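# A closer look at the structure
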Amino acid sequence: MDDIDATLPAPETRPSAAPRTPPVPAKPGYALLDGTVLLALLGTCAGVYYTVGNTGFSAIIGAVAGLYGAWRARR
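Reading the values: the criteria
- Residues numbered from 1 in each chain as written.
- Predicted model: local features only at pLDDT ≥ 70, side-chain atom pairs only at ≥ 80, totals over all residues.
- Heavy atoms only, no water.
- Helix = DSSP H or I, 4+ residues; strand = E, 2+ residues; numbered from the N terminus.
- Buried < 20%, exposed > 50% of the residue type's maximum accessible area, 1.4 Å probe, protein only.
- Areas by Shrake-Rupley, 256 points an atom, 1.4 Å probe, with all protein chains shown as cover.
- Expected span 1.5 Å × (residues − 1).
- Arc of directions from axis to C-beta.
- Contact = heavy atoms within 4.5 Å.
- Core = buried A, V, L, I, M, F, W, Y, C linked by side-chain atoms within 4.5 Å.
- Axes fitted to C-alpha atoms, helices over the stretch in contact; angles between N-to-C directions.
- Parallel < 35°, antiparallel > 145°, perpendicular 65-115°, else oblique.
- Left-handed = near helix turned anticlockwise from the far one by under 90°.
- Nonpolar A, V, L, I, M, F, W, Y, C, P; charged D, E, K, R; others polar.

Right, let's get into the overall build of the protein chain. The helix and strand tally for the protein chain stands at two helices and zero strands. Looking at the protein chain as a whole, 12% of its 75 residues qualify as buried. Here the protein chain has roughly 7,000 Å² of accessible surface; of this, 65% comes from carbon and sulfur atoms.

Structure below.
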């Protein structure tokens, strides 16, 4: 008896290439612009606080937080 198989091996099959989806474009980074805007708002806050004093501190901080939040919400 022979140790050789009489049947041929199955042909190699490659998996069909899955349809490629186009890459999702990355959102542009605005780190420098956001940092600049935040520093400008904080500088404005410091200037108004220096002028007004302790009486308007919470209003100033709230206004700056609202302005920066509105700035970031657009992105």
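Turning our attention to helix α1 (residues 31–52). The end-to-end C-alpha separation of α1 is 31 Å, in line with the 32 Å expected for 22 residues at 1.5 Å each. Among all positions of α1, only Asp34, Val37, Leu41 and Cys45 are buried. Along α1, the residues classed as buried sweep out an arc of 75° about the axis, all on the same side. More than 90 degrees from the buried face of α1, the exposed residues found are Leu32, Leu39, Tyr50 and Thr51. For α1, the elements touching its buried residues are α2 (57–73). Count one or two residues on from α1 and you reach Gly53, which has phi positive near 95°.

Attention now moves to the environment of Leu42. Here Leu42 lies in helix α1. In sequence terms Leu42 and Ala65 are 23 residues apart; their C-alpha atoms lie 9.4 Å from each other.

Here the focus is the nonpolar core. In this structure, Val37, Leu41, Cys45, Ile60, Val64 and Trp71 together form the largest nonpolar core, which totals six residues. Counting residues per element, the ones that place at least two in this core are α1 and α2. Among residues more than four places away in sequence, those in contact with Trp71 are Leu33, Asp34 and Val37.

Before going further, it helps to spend a moment on the packing of α1 against α2. Following both chains from N to C, one finds α1 and α2 inclined at 165°, their axes separated by 10 Å at the closest point. For the element pair α1 / α2, the angle class is roughly antiparallel. Between α1 and α2 the crossing geometry is right-handed. Along the contact surface, α1 presents Leu33, Asp34, Val37, Leu38, Leu41, Cys45, Val48 and Tyr49, while α2 presents Phe57, Ile60, Ile61, Val64, Leu67, Tyr68, Trp71 and Arg72. Taken together, the residues of the contact of α1 with α2 break down into 14 nonpolar, no polar and two charged.

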